Structures are given as structure tokens and as C-alpha cells.
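Okay, here's what each chain looks like letter by letter:
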Amino acid sequence: ARMSQRQRADSTGSLGPDDEVMPYSDDETDDELDASSEGEPEEPPEHEPGAQPPVDTRSSGESLSDLGWSVKSNDRAYHQLPEFQRKVFLCIKKSKYSGNGIKTYKYNAITFIPLNLFEQFKRAANLYFLALLILQIIPEITTLPWYTTLVPLVLVLSITAIKDLADDLARHRMDKEINNRKTEVLLDGGFQETKWMDMQVGDVVRLKKNDFVPADILMLSSSNPNSLCYVETAELDGEDRLGLCLGLTSFSHLSTAMIDCEEPNNRLDKFTGTMQWSRHSYPVDLDNILLRGCKIRNTDVCHGLVIFAGADTKIMRNGGKTRFKRTKIDILMNYMVYSIFALLILVALGLAIGHGFWYEQIGSLAWYLYDGADQSSVYRGFLSFWGYIIVLNTMVPISLYVSVEVIRLGQSKFINWDLQMYYAEKDTPAKARTTTLNEQLGQIEYIFSDKTGTLTQNIMAFKKCNIGGKTYGENLSPCLDKQFLVSYELYLVLQPVDFGWNQYADPKFEFMDHSLVACIRSKQDQETLEFFKLLSLCHTVMVEHKEGELVYQAASPDEGALVTAARNFGFVFLHRTQDTITIKEMDHEATYQMLALLDFNSDRKRMSIILKFPDGRIRLYCKGADTVIYERLSPHSLHQETTQTSLDIFANETLRTLCLCYKDISQAEWDEWSRKHTAASIATRDRDAALDQVYEQIENDLLMIGASAIEDKLQDGVPETIANLAKADIKIWVLTGDKKETAENIGFSCQLLTDNMKIHYGEDVNEKLRVRQALRRNVAPTFGNKKKPAELFFPEAGKNALVITGGWLVSLTPPHLQIALDKSVPKCMSNIGFDVNAWQVDFVDMACECEAVICCRVTPKQKANVVSLVKKYKKAVTLSIGDGANDVNMIKTADIGVGISGQEGMQAVMSSDYAFAQFRYLERLLLVHGRWSYIRMCKFLRYFFFKNFAFTLVHFWFSFFNGFSAQVAYEDWFITLYNVCYSSLPVLLVGLMDQDVNDKLSLKFPKLYLPGQRGALFNFKKFFISLFHGIFVSLIIFFIPYGAFLQTMGQDGEAPSDYQSFAVVTASSLIITVNLQISLETSYWTFVNCFAVLCSMAIYFGIMFDIHSAGIHVIFPTYFTFTGTASNALRQPYLWLTIILTVGISLLPVICIQFLSKTIWPSVGDKRNRKKYEMEAEEEKRPPTFQRGGRSRRSGYAFSHSRGYADLISSGRSIRRRPTVAGGAQKSIREGENI
């Protein structure tokens, strides 16, 4: 696909905050490919019409051997030669040229079980339980049957394996569908239908309309004039506009062509190579390459040569492994599991030592305890240690990780099913593309947002203009009193303009000022007619006729909006050739000869076109940013001041502006300038600089026509969303590639910036950083190297905002911020003793003191670096949100990446963790789903740790009464099923469905979000509270039944104080306690929660009576030994009283603490009722954001930041020649220069 070639912007001299240079960035791929110097064309030999002129690139000193990839057309054996072999494994070699089959799956039928088990056992918890299982097989050590560990372990491994298998089967189906697609390949002298997976490098392929491109292909020819091919890149980057690709030469002569090019890489913006054919070298660049994933459009047939196949294609190279993201709770949970491991070892060691002393002093002396084994007390203590490792293993819950994944999966589904985040206009629901980060959404501290397409709609609309000093487009409705609306004439004025008189009008176009249409249709005002004639002629838009409709393809949405506006006002751009433009001016067609097209770039900030009118006049039309146009106006130009005033008003309304002007040129002046332009066009050195110098000579003494104003509307709800997130103490930074004024104005319109903020620019930042660095050098180190708290950069009262530009960042010399954003600088600065880290910390500290930060004209790599700095020095949870391919780097770098399904394609969505259609949904994602997920997960983990401590530590207390012999306090099957069946369902439902407040209150009171940012609900303090709570409950559950069993007599005169009855009573007390405990923790009760609690207890008693029955004992006498215990014990009222007393004492402290917390120490959520009135009382009415007469904020100019289609238009290669023109079109200036 043809992609606009990015220009390396010269950033020198860009020290001020008004710098507009977009710094070049390779998006972290600079080291992958050395830029090869490309030679300039020599005088080409004769070649076929339409073919690209051959160039011997070796004349510039570049040897073909430097390009490490050689491809020979239609010769598969060539690519299997020994010199192209590479070692795969030991002595096994394979061709370095990949086949075209792709493989994204991880497993096959043979490798699934071993590979999946290997991956699962890389988790420390799974490996730990496997080791326990091995220990339980050893008879001297085991104290529990092997199935108590095997059953839960197999269950956990099976659930994870099934999930992995389902994911991999989906990848298998996708790979199979793609690999089995068909295309036509030249084999045995003819084109044969071949599967994609059977294609090889060097194959010549034939593609037809609507075919997908199967590999990275060098375009040879097409059925269109000049071997032009239109491609749709939606599958590659999501762009809905068509791209262009240029063929090299005639297809029929390429039987022996040789291509030398760069090695496979992931650079989508660059390709370098040469084609050797017929003793000539032809340069190959990105314009000649069809990338895999594109789709052929508006082209019947095209032919190409496979350069990269399969895994070597650029789209596959860009699909590398995404950095694995983990939540803060994940990291904290792992540390806590490690702490439990350490606690387990210490407890087991202490009990083992106790057993050694017990055996030495008591066990060895009691004849009735003699077991026939002649073992020392030390050895017995050693065996007891491993026995307690097995007995106490449930302190590390095996089901924890699976339960967490189930909860996260459910929370992700709730996000997907949320109808309030569904965008009906585009049928786009919210999508959680990951299931591992939900609770992190409740801890966000910094949001990094793109501007265009994220905060704005990226749909440009022509709103206002100033022509000849008069402004058009004012909306009168706010100015009219209601009593006047009864007038029918005024009612018509307030309706949008009816363009029914224009058969070419775009029905979607709206304009409110009827006077402008009346002025145009009267044909009395020449300046107005000239204004729209300029818009219809001065552009690089391509036009396509589809079913009688005009479809414009523009390099930027701004330019498309301007041409569409001219079309609606009667100046319709119809078609163009390489040297003519035809428009319809009101009621007649006119064709203008294009003499030269001076394209836009980010340095020039303007574009011009030189036309020859039908009457022979030569005129230059120019449109561009006001900052460059006003410097080039003639002193005699009219309406400069009135236009400047209108520009200021437009800017205050956040409209994107352009100045329009013209200049009449004499034939003699044109002839002289044309010679200079021709010489500059064929210059072998500094061609671009030479052309710019020539352009300057003609673009002067311009006469002002007027100014246009285009609106890039904010998305719905953006100001309200930003204001609400700010109340939640979430700071929002805008990182954008747009110019400073545009981004700053959008900042004001979305209320990120306000008029009472003091805005700091680049030089102010420099000075503050220098002062802080000087203070640091002058202050002597304090005793003990204790750091004093840093002073504030902005100690004065009031709000501050920081606005910096990308050009300012890269232009600053050390010790400036360039160091902080360039990872390579610290190495070169370390020799001079410069403290790079101090500068980075100072910049981050200063930026974080501001209420708002806007970074303009920054590259994708700079966006990611800014995010990295905040993550590194603030240890904060970050979220990046964007909608374009230039936001992918930032999205992947942040802790959470959010993609907007917008106008700029789907690359951001495909790289994101969460995706939705509108920025305003971010508020609900964070304040509702994020907050709920965080609270639920914290509550789940606290309870999960508690119930396992309460369950396991009963063994610890029992050890003091069994000689530390590693005897268990429960029945074996109870230990096996405790976490699986008896206590898992209620806590899972709390983790999935619990709410402290509903969604409306969560949105109404953003302060409820603060506990998540502080990590207040789950930390080591909460962990130790759960530990001590578990210790307390385990004490009650063991010692109350123990005391009750000391001297007990049943109703039948028998003492039920046997070990098995004791185990039943303690187990029953534990199950009832933990299920009632989760009931006390539940804030949001539903029928499902109630059913889960009752069902868990019913399942426990049901299973217990079954496994204690005589029938199952007869079948499995070894595994079921508690025959009749449940029925015998639980028929004693005394034991039921014991259970009730145990449960009551266990829960009484919890009830008391909750009562005190609700009344005396209420949490943020508990304060919601009183907070409601406090917040309403404190709510102040915001002043209007924009005020006439306020400070001027210059708007961004309405242009793309990359080159347009000027080169293609001027060369004629992108144009279908009109069949009505006999003898072909006239040669353009640029075409003539190559003759």
C-alpha cells in the first residue's frame, strides 16, 4: 500500500514553545535497519512508457551486497541454494526464506499436554503442590492421603488447560482459514490457482479486484494506466481511505529480474531496494510495495513479485509479543504468597523441633507409643518437618489463582455486556480484550490521552469563513429573543441552508448562514467567488465516480472538508489529469491547466498551485497557516486587520483555520521561475532545500482573499468526563502530534485548561529546571545521606498547567529535557558527571504538580517515553487512551491501554487492553467497573486468606495435644473438598457481584474512587489483619470444642469425646463460621448470594453424611474410615450447642467492629449520604470557558502533517486519462523535467 513518506523534520532553531516541527521517530526500530544512502538518478536509458526510469544506485557508493535479501523472479530453486541456508538446530539447516504459511497457534495434538503442563508448572504455586504430591507418596513422610492434593491440583490444571485449548483452537481455525486462501501463481508457464501456504519468495502472482494481498509483494504492473493500483489498508491499519501503489515496469519482461533489498523488518514506513533487469537498476521504495493484509480496490488485475512471505512479512513482524502486564494486586499477592511460604516453613520447623523434644522426653519413654522403628529424635523431627509441610499446605491455597481468573473473566464479561457503554450509532460495544487487569482500573492515577479522534471526533466540518473582511457562518439562534421566533422569516433563517439547487451537493453538509449562499448565487461579489474557486482548485484531493456520485480521497480530513464545502457552494471539483483540473463553477464547467503544484509539508505549513486560466492568465493560489501567510502578504493587500480579528475569534472557538490568498503572475515571470524550478527539481544534492528556496521566490507579494474555519468537534461528554475524573484525583495529560495552539485550544474547550490556570511553556520550564539543578549542586549532603523533601516548583497559590512541544523537547541541548526522554543520552553524559536521573525526577515532579499537562507535536516514541518516566519515578498506575496507529506505543507502555474505535483505524484497538467507541465511556469504565472490580477483588483476597488461615491453623493448635506428630485435625476428604466445594461459591459471587454503592452513586461521587488509588483496601496491613483474624477464629474453633469434649456425656450415657466426633464438630463449626463471615462481608445481596451461602452449607452436610455412611465404607474401606461418625455426633444436642457457641463467639468481634466502623469510623463509601450534600454545597458554577475579549489562542491550521498526493498528481501516474482528450494530455512541468 502506498503510505505517505515521512519527512525528517529539521529541529534546529526550535527552542521556543511555538515550534511546529514534528520530531522524527522510528518507534523503537532505529537499530533494526541502517539507513542506506540512496543514489540520485542518472540519465536513464530508453525504457517503456509508463515504466519507472532505471537508476544505477551503485553509482552513489552503495553496494548491493549491503542489502542482505536477494530475490530472483520465478526461480524457486535459487532460494534453496546453500548460501541461503541457516542453521536451525545442530546440523539441521533450513532456507532463510520463510514459506508463506503462518502459525500463530502454540500447540498441536502431540505437544499440547507436555507443553501446557510445562507452562503451568512454571507457576510457583503449581510447582509447590506437585512437590507436595511427591512428598505424599513417600510413606515415611506422608500424613495425608495423596488424593487430598491430587484432586485439587488436577482440577486446577484441567480448568486452565481447557481455557488454553479453547484459545488455541480459535488460533488454529484462523490460521487454517488464512493459509487455505487461494491466489494465482505463475507456474510452468501459466497462472495456476495456489493456496497461500504454498507460495514462496520469488513467485510471480496475479491479483484481481477485491483480492487480499497474500504476502509483501513488489508491484510490477496493473490494468490501470501507468501501472497504478488502488489498495484498501483497513486490514493493515484500519484506515478507511484508499492508498496507492505504483508498478515498476512491464510485466512481460521480468522472467530474469533480480531484486536486492533490505532484510525483513517491522518498518511499515520504509523500504529500500533495487531491481536488476536488462543491465539496469531500478530503485524500489515503499510506494512500489503491496503489503500483506491490504485489499485490491478499483483495479481489475495487477501482477507482483513476492519479496517477503509468511513470518517475514511486515504485518507479521509487527505482531510480536506484547509486553505482559501485571496488576499491583498481582504483584502484591505474589509477595504475600511468598510470605506464606516463609511462614509455613517457620511453623513447620518449629513444630518439627517440638516433636524432637517431645519424643526425647516423652515419646521414647512410653512403651505403648513404641512403633517398632529404631529412629533418633532428630530424624523423627526431620520427618515431622516434611509431614507438617504437607499438613499445613493449605495455608497456600491452590485454588487461589483459578478463583482469581474466574472472577476476572466474569468482570470482563460485565464490561462487555454494559449497555451504557454501547455505541449504537456504529454498533460498537465495549470490549475487554484482556481478563487480567480489571482491578487495576480502580487504581488509575494518571491518564495519557491522544487528542485527535480521542477527545475530538476527527470529523472535520466547514463552519465559518471570512471573505473580504466579512464573516459568514454565525449561528443566530442564541442571540434571538424567544418573542421573535414567531416570525416565519426568522424561523427560516434558523434552519440549515438548503442546497437543493446544487445537484452535486453533499447531503451531509450543513451550514447555517443563508447570506453566503445568496451572495454566491447572485455572482456579484468576486472575492466570494474567488474564495470558493481557490478551495476547489488548490488541493491534492483525488476524485472517484461511484454510481454517479463523487467520492473524494483526501490526504487529510481537513482538506476533504474544504473541497466538500466548495462543492456545496457551487464550485465542484470534478476530475483531474496530470496537468489539468476540471471544476464546475456554478452553471458551467471550466478546465484549468496546472503548471506547478507546490505541496504542503510541516516546514512550509502551506501549499500552492500555479494555474493557467482558459483566458491565458497565470495565477498562483495559496492556502496555509496564518503565521506563514501573513509574512508573505503584499503591503497592498486588503482586509489584513479584519481577517486577523476573525482568526482570533475562530481560534477562541477552537476552530482550525487557514488563510487563503492569490497572486497574478506574468508570462515572463513564470518562464524565469519555471527554469529555476526545473533546475532545482533535478538537483543531485539537497533537492528539497533547493525546491523550498525556489518556492519562496514565487510565494510572496500575496493578496488576501479570506480565511476558512473548520471544526473538529469534541466527542460528546468529554468536558464532563474530564471534570469528573479530576474530582477522582486522576490527572490527565494530553500527548498529541498536533500543533501547540490546536492542542491548547482543545484543552480549553474540554475544560482540561481553564482561564484561572497559569500556563507554563518551554523556557519557563527550562529556567525552573536549571534553578533546581543549581540548588542541588550547591547544597551540601546531609548527615546519613537523608534526603530532604523537595520544594515545590510552583509554591504560589493557584492552579498550574504545563504546555510543551515535541520540537522543544528534542531541540534542547543537555542538560535539558532531551536527556530525560532519550535513553541513549545517559551513556554519553556519564563521563561529564551529569546527573541524568535528577533531571528526569525534576521534570516528572514539576509536571505532576500541574493540574494539566499538554505535550504537543510529540512522536509515538516520545509519548511512550513520557509514560515510562511517570511510571518509573512516581510508581503510579497509568492508563493510555488513543485511537490511531501512532498511539500504539503509548498504549502498550502504560499499565492499562485503551483503544478508541474511531476514524483512524483499528491498530490502537488491536493493541489495547480495553476498547470502546467514545471517550466518555472511560468515566464509567474507571469509576464504576474499575472501582467495583478493585473492591471485589480486595474483599475476595482478604476473605480467601482468612478462611484458609482459619482452616489450616487448627492443625497447629492440635499439634500441642498430639505430640507434634503431624496428625491432622479433620477428616481427609474434608481437607480435600474444603476449598473446592464447601467455601468457594459464596466468595466467588462476592468477587463477581458485590457493590458497596450502585453505579449512579459511583459516578455522582468520584471521591469514592480514592481508596483504590491509595491501595487502601488490600495491602500488607490488611493481609496481617486477615492472618490474625484467621488465628483468632482457629483458636475459637479448636479450643471451644476441645473444652466441651473434655468431660462430656451423651444422652445415651456414652461419651462422644472421640477424635472423629471432634473432627466433625470442628469442621461443622468452621464451615458455618466462614459462610456466615462472607455473609457479613457482603454489601449487595441478591437471591444468588443467599442461595450460594445456604447451598454451600447444605453441600457440606450432604457430602459428609454420604462419606460417613456404611455403604461407601464397604466399597472403599481404606479411603472412607469415618463410618457413622456424622450421624452419631450430630444427633447429640450438646454438640449442636457447642457448634452454635463456637460460631457465635467467632463472629461476635466481627459484628462489633463493623458496627463501630459504620458509626464512629465510617469509610469513604459509608459517608456517601452526608457527602452528597457537602459536594452539592461546594459545587461552584464554572465561568464560561470562552469569553469575547479574552486572551487570544491561535487555532491550529487545517492541514495534514504529512505530504499529500502532489508528486503523484504532477507525475501523472495517479491519474486516469480522460478518453475524450485526443492525443493524450499535455506534459506537466515535472514530467518534462525527466525527459
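Residues numbered from 1 in each chain as written. Predicted model: local features only at pLDDT ≥ 70, side-chain atom pairs only at ≥ 80, totals over all residues. Heavy atoms only, no water.

An unreviewed UniProt entry annotates the protein as Phospholipid-transporting ATPase originating from Gadus morhua. The protein has a UniProt comment under Catalytic activity (unreviewed entry) that states "ATP + H2O + phospholipidSide 1 = ADP + phosphate + phospholipidSide 2." Per UniProt, the comment on the protein under Sequence similarities (unreviewed entry) is "Belongs to the cation transport ATPase (P-type) (TC 3.A.3) family. Type IV subfamily." (UniProt positions renumbered as here; feature names shortened; annotations may be inferred.)

What should I look at first to understand the overall build of the protein in this one?
Secondary structure assignment for the protein yields 40 helices and 35 strands. Expressed as a percentage of the 1235 residues in the protein, the buried residues total 54%. Considering only contacts in the protein between residues 6 or more positions apart, those separated by 24 or more positions represent 75%. In the form shown here, the protein has an accessible surface area of approximately 54800 Å², with 57% of it arising from carbon and sulfur atoms. (Helix = DSSP H or I, 4+ residues; strand = E, 2+ residues; numbered from the N terminus. Buried < 20%, exposed > 50% of the residue type's maximum accessible area, 1.4 Å probe, protein only. Contact = heavy atoms within 4.5 Å. Areas by Shrake-Rupley, 256 points an atom, 1.4 Å probe, with all protein chains shown as cover.)

Please clarify how the packing of aromatic side chains should be interpreted in this entry.
Aromatic ring pairs: the centre-centre distance and the angle between the two ring planes describe each pair. Tallied over the entire structure, the rule returns 57 aromatic pairs. With a centroid separation of 4.9 Å and an interplanar angle of 80°, the aromatic rings of Y592 and F613 are classed as edge-to-face. Linking Y592 in strand 24 (residues 588-598) with F613 in the loop between strand 25 (606-612) and strand 26 (618-624), this pair joins segments that are 21 residues apart in sequence. An identical accessibility class is assigned to Y592 and F613; each is buried. Plain terms: the ring middles of F1038 and F1062 are 5.5 Å apart, the flat faces sit at 85° to each other, and that makes the pair edge-to-face. Linking F1038 in helix 32 (residues 1020-1046) with F1062 in helix 33 (residues 1059-1081), this pair joins segments that are 24 residues apart in sequence. For the residue pair F1038 and F1062, the accessibility class agrees, reading buried in each case. The ring centre of F212 lies 4.7 Å from the NZ or CZ of R181, which sits over that ring. (Phe/Tyr/Trp six-rings, centres within 6.5 Å; stacked < 30°, edge-to-face > 60°. Lys NZ or Arg CZ within 6 Å of the ring centre and 35° of its normal.)

Whenever I open this one, the sheet that holds strand 4 (residues 182-187) confuses me. Can you help?
The strands that make up a sheet pair up through hydrogen bonds in the backbone, lying either parallel or antiparallel. Pairing within the open sheet is antiparallel, and its six strands lie in the order 5-4-6-15-7-13. Only two strands of the sheet have a single neighbouring strand rather than two, namely strand 5 (190-195) and strand 13 (289-290). Sheet analysis places strand 4 next to strand 5, joined by six bridges and oriented antiparallel. Opposite T183, over in strand 5, you have T194 as the bridge partner. (Pairing = 2+ DSSP bridges.)

For this particular structure, what's the right way to read helix 8 (residues 400-416)?
Three- or four-residue spacings in an α-helix give side chains the same orientation, since the helix completes a turn every 3.6 residues. A rise of 1.5 Å per residue sets the reference length of helix 8, with its 17 residues, at 24 Å; its end C-alpha atoms lie 25 Å apart and thus fit the reference within 8%. Extensive coverage of helix 8 is indicated by the burial of 12 of its 17 residues. (Expected span 1.5 Å × (residues − 1).)

How do you make sense of the packing of helix 32 against helix 37 (residues 1133-1159) when you look at a structure like this?
Two quantities define a packed helix pair, namely the angle between the axes and the distance from one axis to the other. Put simply, helix 32 and helix 37 touch, their axes get as near as 10 Å, and they point 155° apart. In terms of axis orientation, helix 32 runs roughly antiparallel to helix 37. Considering the relative orientation of helix 32 and helix 37, their crossing is right-handed. The segment helix 32 lies against helix 37, with H1029, F1032, V1033, I1036, I1037, I1040, P1041, A1044 and F1045 engaging Y1134, L1135, T1138, L1141, T1142, I1145, S1146, P1149 and V1150. Here the residues of the contact of helix 32 with helix 37 are counted per class, giving 14 nonpolar, four polar and no charged. (Axes fitted to C-alpha atoms, helices over the stretch in contact; angles between N-to-C directions. Parallel < 35°, antiparallel > 145°, perpendicular 65-115°, else oblique. Left-handed = near helix turned anticlockwise from the far one by under 90°. Nonpolar A, V, L, I, M, F, W, Y, C, P; charged D, E, K, R; others polar.)

I keep staring at the UniProt feature "binding site: Mg(2+)" (unreviewed entry) in the protein and nothing clicks. Help me out?
Using the residue numbers shown here, the UniProt feature "binding site: Mg(2+)" (unreviewed entry) corresponds to D450, T452, D883 and D887. Its place among the elements puts D883 in the loop between strand 33 (878-882) and helix 25 (888-893). Relative to the elements of secondary structure, D887 occurs in the loop between strand 33 and helix 25. Excluding residues within four positions of it along the chain, D887 makes contact with D450, K863 and G882.

Before we go on, may I ask you to explain the sheet that holds strand 16 (residues 431-432) in this structure?
With mixed pairing, nine strands are arranged side by side in an open sheet as 16-35-34-33-17-29-32-31-30. Pairing within the sheet leaves two strands with one partner each, and these edge strands are strand 16 and strand 30 (757-760). In this sheet, strand 35 (residues 914-916) lies alongside strand 34 (residues 896-900) in parallel orientation, the contact comprising three bridges. Its bridge partner being in strand 35, V898 is matched across the sheet by Y914.

Is there a simple way to think about the packing of helix 2 (residues 124-137) against helix 7 (residues 377-391) in this case?
With their axes 10 Å apart at the nearest point, helix 2 and helix 7 run at an angle of 125° to one another. When the axes of helix 2 and helix 7 are compared, the pair comes out oblique. Between helix 2 and helix 7 lies a crossing of left-handed hand. Taken together, the residues of helix 7 that come into contact with helix 2 (itself represented by Y128, L132, L135 and Q136) are W386, I389 and I390. Of the residues in the contact of helix 2 with helix 7, the class split is six nonpolar, one polar and no charged.

Please clarify how the nonpolar core should be interpreted in this entry.
Across soluble globular proteins, nonpolar side chains show a tendency to be buried alongside one another. The biggest cluster of nonpolar side chains holds 97 residues, and the ones touching the most others in it are L400, F940, L941, F945, F974 and L1070. Sorting elements by how many residues they give to this core places helix 27 (residues 921-959) first, with 17 residues. Setting aside residues no more than four positions away along its own chain, L1070 makes contact with A950, F951, Y970, F974, Y978 and I1037. (Core = buried A, V, L, I, M, F, W, Y, C linked by side-chain atoms within 4.5 Å.)

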